[in-house]
Protein chains: 2
Amino acid sequence: MRREFKKVIEKIKTSRSFLITAHMNLEGDALGSELAMYLLLKKLKKKNVVIYNHDPVPESYKFLPYSRNIKTSLKGEKFDVAFVLDCSDSSRTGKVKDYLNNAGCIINIDHHISNTLFGDINWVEPNRISTCEILYWLCDRFHVMDKNIALCLYTGIFTDSGSFTYANTNANTHKIISQLMKYPIHPNHIYENLNSCCVLSDLKIMSKVFSLLELDANKKICWAKLQHWQEGQHDLTETVFNMMRLLKGVEVFILFKKVDKNKVRVSFRSRGKINVNRVAKFFGGGGHKNASGTTTEDTLSGAEKKIITFVKRYTDRLKK
Amino acid sequence: MRREFKKVIEKIKTSRSFLITAHMNLEGDALGSELAMYLLLKKLKKKNVVIYNHDPVPESYKFLPYSRNIKTSLKGEKFDVAFVLDCSDSSRTGKVKDYLNNAGCIINIDHHISNTLFGDINWVEPNRISTCEILYWLCDRFHVMDKNIALCLYTGIFTDSGSFTYANTNANTHKIISQLMKYPIHPNHIYENLNSCCVLSDLKIMSKVFSLLELDANKKICWAKLQHWQEGQHDLTETVFNMMRLLKGVEVFILFKKVDKNKVRVSFRSRGKINVNRVAKFFGGGGHKNASGTTTEDTLSGAEKKIITFVKRYTDRLKK
């Protein structure tokens, strides 16, 4: 990756205007990366730097510095460089994709193993826990680290490592965090901003989801079929999965959400060795090893039948 | 603390038999400290080293190495040194207290600000996030660190820092963790052992509790009245409170559990400045600032009426 690292540094030095984007359905690593890159470029006195996303910033991430500067509409501007961050495929940028080809150079910085290397420069490190961890080295190289950048990078690493509990969290993750925490970062505030963001009706929705949970005979797969998935003030998917993780011994967690008459959004989470990215890919989706998703044209029961059967076969095969 | 550190090192070097204990109601920092100290002494070829506690090791902590060696009964042995770890007062060791005075020297190593300095040597550092963080330096000094000690220390720091999210987590915490993770530690396994201990029926019980949640008009107090509180395979109280903490802005969390015809067990949790120990004390109970409880002779509605009224007045007064 040394060569890509150098190419990115060179491009930053020689370019004047920058578009920054990330994947749809923004979360901590996408937003943390975007804002860290934005602040890095601003510190290098670059004047034309724009963050433009398909989706608006979720309420719980509005504590991130300069998150108000993030745009969801843009006039026909052109940019020397388009940074696409934390995004395995350019189509995942949604409506921003149209702008990417106008840019002089697409720089793809990511940690997803499924990255399609769609950029002119592809700095992709699948062994990194988060894109923010990759950007840490860039900020370090340019000597721009400050409390705002540290807060953005911390948030990305914190969310993508599941509060430092996922399998890929390593000594290096904590070493970087110990460097970032030399700036005034308040982990309790970040935790509360990200986790204490439900209203009572959200918990009532979760109550309903819990009552619908099903288990396979081996108690390895847990799922729920949601006829009327009503989002509360924010997306409850991750919170529901966190609750499902309380279940001892369960290895795969699946939510089937009816999003249209014959359209089901399927979200997968897994523990340890189980690679749900493979499952999602088989059904035309993608993601990470332990977190992935797909959308399928089917009824809830139809989707359930085909996907649970597939996952059972897959997990059974692993045991042999 | 330099002087106490040296005294402890000297005592370890010159003594032959060691008792190790901690507070009742064992959790990660108590057990992690005990086992790290045990392994340190064993590596120094000390032959007579015994961990003896008031309570047995909880199921979820049995993954800790050598946890099977921990005793809950002891014949009239005498020891050169008794280490009391993570324990603010010697009475909190329960039945072990009787043994302490038989020891040649009591060494009190702790991080609680309320520590009563009951030892012959008191190595108390209230600015440390956990006792394991203190013991890290001792293990480092004796060059005994290995994967087992690292796992014990990691677990203590992990639990006492609330998975690195409590306010007192700092750069130093993460620096120590990055050192410990140079050994093969699997944060996902530790997390799962400690947190994934529900069965499906537990989640169904939680679903029921969520459906019963009530809020006061100011949305500062959240509670549930539980007619038939059926415990699952383990006590769900803490898990339910963790879920209630998802609620934004709520400061006090209360569970009313009918335990008998006219007997209600009331559990309180609070955030930040709100001292629910005062509330519990007023109703004849007790506990900590942010976690307390009481039992009252009343119906569910009777207990709810008097306690919610009291808590409302108390939180309103704080705002003035």
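What counts as what
- Residues numbered from 1 in each chain as written.
- Chains lettered and ligands numbered in written order.
- Predicted model: local features only at pLDDT ≥ 70, side-chain atom pairs only at ≥ 80, totals over all residues.
- Heavy atoms only, no water.
- Helix = DSSP H or I, 4+ residues; strand = E, 2+ residues; numbered from the N terminus.
- Rg over C-alpha atoms; globule rule 2.2 N^0.38 Å.
- Buried < 20%, exposed > 50% of the residue type's maximum accessible area, 1.4 Å probe, protein only.
- Contact = heavy atoms within 4.5 Å.
- Areas by Shrake-Rupley, 256 points an atom, 1.4 Å probe, with all protein chains shown as cover.
- Lys, Arg positive; Asp, Glu negative; His and termini not counted.
- Charge placed at Lys NZ, Arg CZ, Asp CG, Glu CD.
- Buried area = accessible area lost by both parts, 1.4 Å probe.
- Salt bridge = Lys/Arg side-chain N within 4 Å of Asp/Glu carboxyl O.
- Patch = residues over 30% accessible without salt bridge, like charges linked within 9 Å, V, L, I, M, F, W, Y side chains within 5 Å.
- Least-squares fit on C-alpha atoms with pLDDT ≥ 70 in both.
- Pairing = 2+ DSSP bridges.
- Core = buried A, V, L, I, M, F, W, Y, C linked by side-chain atoms within 4.5 Å.
- Polar contact = N/O pair within 3.5 Å; in protein donor to acceptor, adjacent residues only side chain to side chain.
- Domains from an automatic or database assignment.
- Nonpolar A, V, L, I, M, F, W, Y, C, P; charged D, E, K, R; others polar.

Another point: the overall build of chain A. Counting secondary structure elements, chain A contains 11 helices and 11 strands. Since a compact globule built from 320 residues should have a radius of gyration of about 20 Å, the 20 Å found for chain A is in line with a globular shape. Taking the principal axes of the C-alpha coordinates as reference, chain A spans close to 60 × 40 × 40 Å. Of all 320 residues assigned to chain A, the portion counted as buried reaches 57%. Counted over contacts in chain A with a minimum sequence separation of 6, partners at least 24 positions apart contribute 64%. Roughly 14,000 Å² of accessible area belongs to chain A as shown, and the carbon and sulfur atoms make up 48% of that amount. Positive and negative side-chain charges in chain A, numbering 50 and 32 respectively, have mean positions lying 2 Å apart.

Moving on, we get to the interface of chain B and chain A. On the side of chain A, 44 residues touch chain B, which itself brings 43 residues to the contact. Both sides of the chain B and chain A interface together cover about 3,600 Å² of buried area, and 66% of this is carbon and sulfur. Taken together, the connections running from chain B to chain A amount to 1 salt bridge. When the shortest N-O distance is used, the salt bridge between glutamate 192 of chain B and arginine 271 of chain A registers 3.8 Å. When contributions to the side of chain B that touches chain A are tallied by element, the ones reaching two or more residues are helix 5 (147-160), helix 6 (171-180), helix 7 (187-195), helix 8 (200-211) and helix 9 (237-244) of chain B. Broken down by element, the side of chain B that touches chain A gets its largest block of residues, 7 residues, from helix 8 of chain B.

Let's shift gears to a positive patch on the surface. All names here are of chain A. Where like charges cluster on the molecular surface, the positive patch consists of Arg2, Lys6, Lys13 and Arg141. Looking at the positive patch element by element, the count peaks at 3 residues for helix 1 (residues 2-14). One can find lysine 13 in helix 1. Judged by relative accessible area, which is 47%, lysine 13 ranks as partly exposed.

Below, the discussion takes up the relation of the copies chain B and chain A. Superposition of chain B onto chain A requires a rotation of 180° combined with a translation of 0.5 Å along the rotation axis, giving an RMSD of 2.9 Å. Such a turn and shift between the copies fits a two-fold axis. Relative to the rotation axis, the closest C-alpha in chain B is found at serine 207 of chain B, a distance of 1.0 Å. In this assembly, 100% of the residues forming the interface of chain B have copies in chain A that are likewise at the interface, indicating an isologous arrangement.

For the rest of this paragraph, the subject is the sheet that holds strand 7 (residues 221-226) of chain B. Residues and elements named next belong to chain B. Pairing is mixed across the open sheet formed by 6 strands, whose spatial order is 6-7-8-9-11-10. Each of the sheet's edge strands pairs with one partner strand only, and the pair in question is strand 6 (214-215) and strand 10 (286-287). Summarising the sheet, strand 6 and strand 7 pair through 2 bridges and their orientation is antiparallel. If you follow leucine 215 over to strand 7, its bridge partner there is cysteine 222.

Once their charged atoms are close, side chains differing in charge can pair, the charge on each being opposite to the other. Residues and elements named next belong to chain A. Within the structure shown, the criterion is met by 17 salt bridges over all chains. The salt bridge involving lysine 43 is made with aspartate 146; its shortest N-O contact spans 3.1 Å. Pair noted here: lysine 43 is in helix 2 (residues 28-43) and aspartate 146 is in the loop between helix 4 (131-141) and helix 5 (147-160), with a separation of 103 residues, a long-range link. With its nearest N and O atoms 3.1 Å apart, the salt bridge here joins glutamate 304 to lysine 225. Of the two residues, glutamate 304 is situated in helix 11 (residues 300-319) and lysine 225 in strand 7 (residues 221-226); the sequence distance between them amounts to 79 residues. Given a relative accessible area of 15%, glutamate 304 falls into the buried group.

A word on the nonpolar core. Membership of the largest hydrophobic core comes to 116 residues, with the highest contact counts inside it found for Phe83, Leu138 and Leu180 of chain A together with Phe83, Leu138 and Leu180 of chain B. Setting aside chain neighbours within four positions, we find phenylalanine 83 of chain A in contact with Val8, Ile12, Phe18, Leu19, Ile20, Thr21, Met37, Leu41, Ile107 and Ile109 of chain A. By size, the runner-up hydrophobic cluster in this structure holds 44 residues, among which are Leu200 and Cys222 of chain A together with Cys198 and Leu247 of chain B.

Turning to the side chain of serine 67 of chain A, a few remarks are in order. Residue and element names in this part refer to chain A. By the secondary structure assignment, serine 67 is in the loop between strand 2 (48-51) and strand 3 (81-85). Separated by 2.9 Å, the side chain of serine 67 and the backbone oxygen of leucine 64 make a polar contact. If near-sequence neighbours (up to four positions away) are discounted, serine 67 is found in contact with Leu35, Val57, Tyr61 and Lys62.

Let's shift gears to the domain arrangement of chain A. Residue and element names in this part refer to chain A. As assigned here, chain A comprises domain 1 (2-194) and domain 2 (205-319). Placing a centre on the C-alpha atoms of domain 1 and another on those of domain 2 gives a separation of 28 Å. Across the contact, 5 residues belong to domain 1 and 5 residues belong to domain 2. A buried area of about 450 Å², summed over both sides, lies between domain 1 and domain 2, and 53% of it is on carbon and sulfur atoms. If you sort the residues of domain 1 by the area they bury against domain 2, His112, Ser114 and Tyr166 come out on top, with a joint share of 60%. Applying the counting rule to domain 1 against domain 2 returns 0 salt bridges. The interface formed by domain 1 and domain 2 includes 2 residue pairs in polar contact (both at pLDDT 80 or more). Considered class by class, the residues forming the side of domain 1 that touches domain 2 number 2 nonpolar, 3 polar and no charged.

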